[in-house]
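Per-entry structural report
Residues per chain are reported as follows:
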Amino acid sequence: MLTKKTLQLSLKSLRDFAKKRLPDEELIALDQRDECPLEIVRYMSNPDKLGIQLLFVPEEYGGLGGSTFDVYLICEQMARIDLGVATSLFATFLGSDPITFGATAEQKKKWLGRIAEEGVLFAYGATEPEAGSDLGGLKTTADRVIENGKIVGYKINGSKQWISNGGIADHYTILANTPAGPSWFVVDAGTKGFAHDKPEDKHGIRLSNTAALALNDVYVDADRLVGGIEGQGLLQAQMVFGYTRVMVAAFGLGAGWSALDRAIPYSTKRIQAGSPLSEKQGYTHKLIVPNVCRLEAGRAFIEATAERIDAGEGNLQTEGAIAKYMSTEAGNAAADASIQALGGYGYTHEYMVEKIKRDVRITTIYEGTSEIMEMTISRDRWQLHLKTRGQHYHELARKVEALHAAHPNVGADVAALALHGLAEVMEKARAARLTRHQHILLRLGELIAYAESAATLARRAALKAEGRINEKANDRFDATAQATISRIFAREAAMKVAQDGLKCVVGAGGVSDAELPAFEAALGLSAIHRSQAGLLADMDYVAEVLYGRAQKRPAEQLTEVALHS
Ligand SMILES: Cc1cc2nc3c(=O)[nH]c(=O)nc-3n(C[C@H](O)[C@H](O)[C@H](O)COP(=O)(O)OP(=O)(O)OC[C@H]3O[C@@H](n4cnc5c(N)ncnc54)[C@H](O)[C@@H]3O)c2cc1C
């Protein structure tokens, strides 16, 4: 675990490095040339230079042993600089994950030690032309090579697709089918029979090298089988999903904020109809404020999940999925709105928001698509709904109501309405067997993500008010602003559960005409509608905070608001 001071120093050196070596003009030029700045990636991985990867490597293997919380903040910072370069560094981390979590002690010492001491680059080779979201469709094989009755090695055959660092890595972790099932192997660049294709011509993250791999009778010694036991590959991959998805969530968050942090200052200078855009409610309340609230809801979930992983609560796959889903969807929407916020300039290559929008698009695809996240979230919470006979979200709502009693300003009452409504939608879906429709199952995943995020954001706003928030947590907003953001998001979540929940249940024939009024009442529709009161005033206040115009609200302590993190 890093001290706050060490972490802040690392974040600062990253920012300083980016300012010097990767200014906007350079990033735009590299993007236009479709070029991966390998020298920069190597410099950032070099333990004698920036040594970013040291944060990922446990202390016992020569790294700094950063916590999940530390790694989230570093990932957010890297994404604010460039998502392509961030992806390249992340690929080494992802590539070494099967080793960190599944390898023998000897293998860990060797490979993690080399990452820490030599800054070698890894790539993570899971995806194949016919196996993407469903890795069960894996076709690459690893056949045993047996001598004197003993397995001495493996011959790997197959192909991999869209592998980050595919053309530049020193080592690759490759998922292949052994006779006992999928297993990870470490393969060196340059091994006979191992080749990579030319870099893909991509929509975004053009500074990241992505390439297909071909493996033709690639021989590796038996000690390259990660963990030394065949058939553990999918398990080893799943063991880290909570953790790795929190990182991609941080990518969405960093990229989304990076776009908004360009739109916000732009709007203070751009005069239209006699005044700056930043003073026009129709502009700020559509393009800026809602995106800020959604990004901060994502952040709250990332921070809460990172803390729980660090506290040893396990892999938290579902929570990682919610964090990724909310933050990457919010990052995409924020970047898109930032193009709109810059008007014609936003649509040109010269202004970074256009590049950020293309870059951030990948975050809802890699490391599990948004639809796979919806499915993961929904399936897991559906089990909880069944196990508790429909009480899971009612119980959570009651806890959030108790929070409201202690902190009436953080939007917990409205988050509770969202949770109660969700419980009712799920119960109706159970009674009418609606989850046999995959569409309903996945839409429930979205509603769950929104309702849980609202509750989490309210809880964090309360912690902030009590001064008990993690000392490393992002402190861009003070307690009053955080509470206001939480109230806005809670209203959105409650409306979403009510409207989309109704759409799903009625649309799939889950209620008859006669039953509808009772269902609407159970959903708490009128309370949810009434909870929208005060929305505009709250949006006004967040806009004032973002533009540094906030006045002290009576009876509320307003500490200094940092405009730029
Ligand atoms: C730039 C880039 C970098 C990448 N880096 C790596 C890397 O380093 N290592 C690696 O192993 N992979 C990498 N990938 C691959 C990435 O993880 C996959 O693209 C992703 O998992 C989706 O798989 P797919 O592309 O085969 O899409 P598919 O799985 O075919 O999905 C296509 C669409 O169908 C939806 N879908 C899929 N299954 C279902 C279902 N059951 N129900 C409903 N909808 C469904 C998806 O959500 C998606 O919208 C990278 C991809 C890109 C583009």
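Everything quoted here is computed from the prediction, not taken from an experiment.

The number of helices and strands found in the chain is 20 helices and nine strands. Seen through its C-alpha atoms, the chain measures out along the principal axes to roughly 75 × 55 × 40 Å. The proportion of buried residues among the 565 residues of the chain is 58%. Contacts in the chain between residues far apart in sequence, at least 24 positions, make up 75% of those at least 6 positions apart. Total accessible area computed for the chain in this model is approximately 23000 Å², and 51% of it derives from carbon and sulfur atoms.

With that out of the way, let us pick up helix 3 (residues 38-45). For helix 3, the set of buried residues is Ile 40, Val 41, Met 44 and Ser 45. Buried residues of helix 3 fall within an arc of 135 degrees about the axis and therefore sit on the same side. Residues of helix 3 that are buried make contact with helix 1 (4-21) and helix 5 (83-102).

Attention shifts here to the side chain of His 394. Mapped onto the secondary structure, His 394 falls in helix 14 (residues 392-406). For His 394, a relative accessible area of 12% corresponds to the buried category. With residues near it in sequence (within four places) discarded, His 394 still touches His 420, Ala 423 and Glu 424.

Within the largest apolar cluster, 166 residues are counted, with the highest numbers of intra-cluster contacts made by Met 44, Trp 257, Ile 288 and Leu 546. Here the element with the most residues in this core is helix 8 (residues 241-269); it accounts for 15 residues. In terms of nonpolar packing, the next biggest core, distinct from the first, is built from 17 residues, Ala 123, Ala 169, Tyr 172 and Leu 225 among them.

Bringing helix 6 (residues 105-118) into the picture now. A rise of 1.5 Å per residue sets the reference length of helix 6, with its 14 residues, at 20 Å; its end C-alpha atoms lie 19 Å apart and thus fit the reference within 8%. What helix 6 keeps buried is the set Gln 107, Lys 108, Trp 111, Leu 112, Gly 113, Ile 115 and Ala 116. Buried residues along helix 6 sit against helix 5, strand 1 (122-125), strand 4 (171-178) and strand 5 (181-188). At the C-terminal side of helix 6, Gly 119 shows a positive phi close to 65 degrees.

The next subject is the site of the ligand. As a structural note, the neighbourhood of the ligand is formed by 20 residues, with Tyr 124, Thr 127, Ser 133, Thr 369 and Glu 371 the closest of them. Between the ligand and the protein, one listed contact pairs a nitrogen atom with a backbone N or O atom of Trp 162 at 2.9 Å. Contact between the ligand and Glu 371: an oxygen atom at 2.6 Å from a side-chain N or O atom of the residue. With the chains in place, 68% of the 970 Å² that the ligand exposes on its own is no longer accessible. Secondary structure elements with two or more residues in the shell around the ligand: strand 3 (150-164) and helix 13 (370-387).

Bringing the packing of helix 4 (residues 68-81) against helix 9 (residues 281-310) into the picture now. Interaxial distance between helix 4 and helix 9 falls to 8 Å at its minimum, and their mutual angle equals 145 degrees. Residues Thr 68, Phe 69, Tyr 72 and Glu 76 of helix 4 lie in contact with helix 9, whose contacting residues are Arg 299, Ile 302, Glu 303, Ala 306, Glu 307, Ile 309 and Asp 310. The class makeup of the residues in the contact of helix 4 with helix 9 is five nonpolar, one polar and five charged.

A few words on the packing of helix 16 (residues 438-465) against helix 17 (residues 479-507). Direction vectors running N to C along helix 16 and helix 17 enclose 160 degrees, while the axes themselves pass 9 Å from each other. Classified by the interaxial angle, the pair formed by helix 16 and helix 17 is roughly antiparallel. Helix-helix and strand crossings are classified by hand; for helix 16 and helix 17 the assignment is left-handed. Of the residues contributing to the contact of helix 16 with helix 17, the split by class is 17 nonpolar, four polar and six charged.

Time to look at the packing of aromatic side chains. All chains considered together, the criterion is met by 15 aromatic pairs. Ring geometry for Phe 56 against Phe 93: centres 4.5 Å apart, planes inclined by 55 degrees, an arrangement best described as tilted. Taken together, the residues span a long stretch of sequence, with Phe 56 in the loop between helix 3 and helix 4 and Phe 93 in helix 5 at a distance of 37 residues. Each member of the pair, Phe 56 together with Phe 93, is buried. Taking the centre distance of 5.3 Å and the plane angle of 85 degrees together, the rings of Phe 69 and Tyr 72 count as edge-to-face. With Phe 69 and Tyr 72 both in helix 4, this residue pair falls three residues apart, about one helical turn. Judged by its relative accessible area of 0%, Tyr 72 is buried. A cation sits over an aromatic face here: Arg 21 above Tyr 43, 5.6 Å from the ring centre.

Attention now goes to the side chain of Ser 88. The residue Ser 88 is located in helix 5 in this model. Judged by relative accessible area, which is 0%, Ser 88 ranks as buried. Those residues in contact with Ser 88, other than ones at most four positions away along the chain, are Val 41, Asn 165 and Ile 168.

This next bit is on the environment of Ala 423. With respect to the helices and strands, the residue Ala 423 is situated in helix 15 (residues 412-431). You can call Ala 423 buried: its relative accessible area is 1%. Linking Ala 423 and Gly 390, residues 33 residues apart in sequence, is a C-alpha distance of 6.5 Å.

Across the chain, pLDDT averages 95, with 98% of residues at or above 70. Residue range residues 555-565 is modelled with pLDDT below 50. Its contacts to residues more than four positions away, or to other chains, number 25 contacts.

We now examine unusual backbone geometry. The backbone of Ala 273 sits at a positive phi, close to 50 degrees, despite the residue not being glycine. Turning to its location among the elements, Ala 273 is positioned in the loop between strand 8 (271-272) and strand 9 (275-276). With a phi angle near 50 degrees, Arg 433 is a residue other than glycine that sits in the positive phi range. Locating Arg 433 in the fold gives a position in the loop between helix 15 and helix 16. Arg 433 gets classed as exposed once you look at its relative accessible area, which sits at 56%.

Before going further, it helps to spend a moment on the pairing of strand 4. Taken across its eight residues, strand 4 has seven buried, putting it largely inside the fold. Summarising the sheet, strand 1 and strand 4 pair through four bridges and their orientation is parallel. Bridge pairing links Ala 123 to Tyr 172 in strand 4. In the sheet, strand 4 pairs with strand 5 via eight bridges, with the strands oriented antiparallel. For Thr 173, the partnering residue across the bridge sits in strand 5 and is Val 186. In this structure, the hairpin formed by strand 4 and strand 5 is closed by a connection of two residues.

What counts, and at which threshold
- Residues numbered from 1 in each chain as written.
- Predicted model: local features only at pLDDT ≥ 70, side-chain atom pairs only at ≥ 80, totals over all residues.
- Heavy atoms only, no water.
- Helix = DSSP H or I, 4+ residues; strand = E, 2+ residues; numbered from the N terminus.
- Buried < 20%, exposed > 50% of the residue type's maximum accessible area, 1.4 Å probe, protein only.
- Contact = heavy atoms within 4.5 Å.
- Areas by Shrake-Rupley, 256 points an atom, 1.4 Å probe, with all protein chains shown as cover.
- Arc of directions from axis to C-beta.
- Core = buried A, V, L, I, M, F, W, Y, C linked by side-chain atoms within 4.5 Å.
- Expected span 1.5 Å × (residues − 1).
- Near = heavy atom within 4 Å.
- Polar contact = N/O pair within 3.5 Å; in protein donor to acceptor, adjacent residues only side chain to side chain.
- Axes fitted to C-alpha atoms, helices over the stretch in contact; angles between N-to-C directions.
- Nonpolar A, V, L, I, M, F, W, Y, C, P; charged D, E, K, R; others polar.
- Parallel < 35°, antiparallel > 145°, perpendicular 65-115°, else oblique.
- Left-handed = near helix turned anticlockwise from the far one by under 90°.
- Phe/Tyr/Trp six-rings, centres within 6.5 Å; stacked < 30°, edge-to-face > 60°.
- Lys NZ or Arg CZ within 6 Å of the ring centre and 35° of its normal.
- pLDDT = per-residue confidence, 0-100.
- Pairing = 2+ DSSP bridges.

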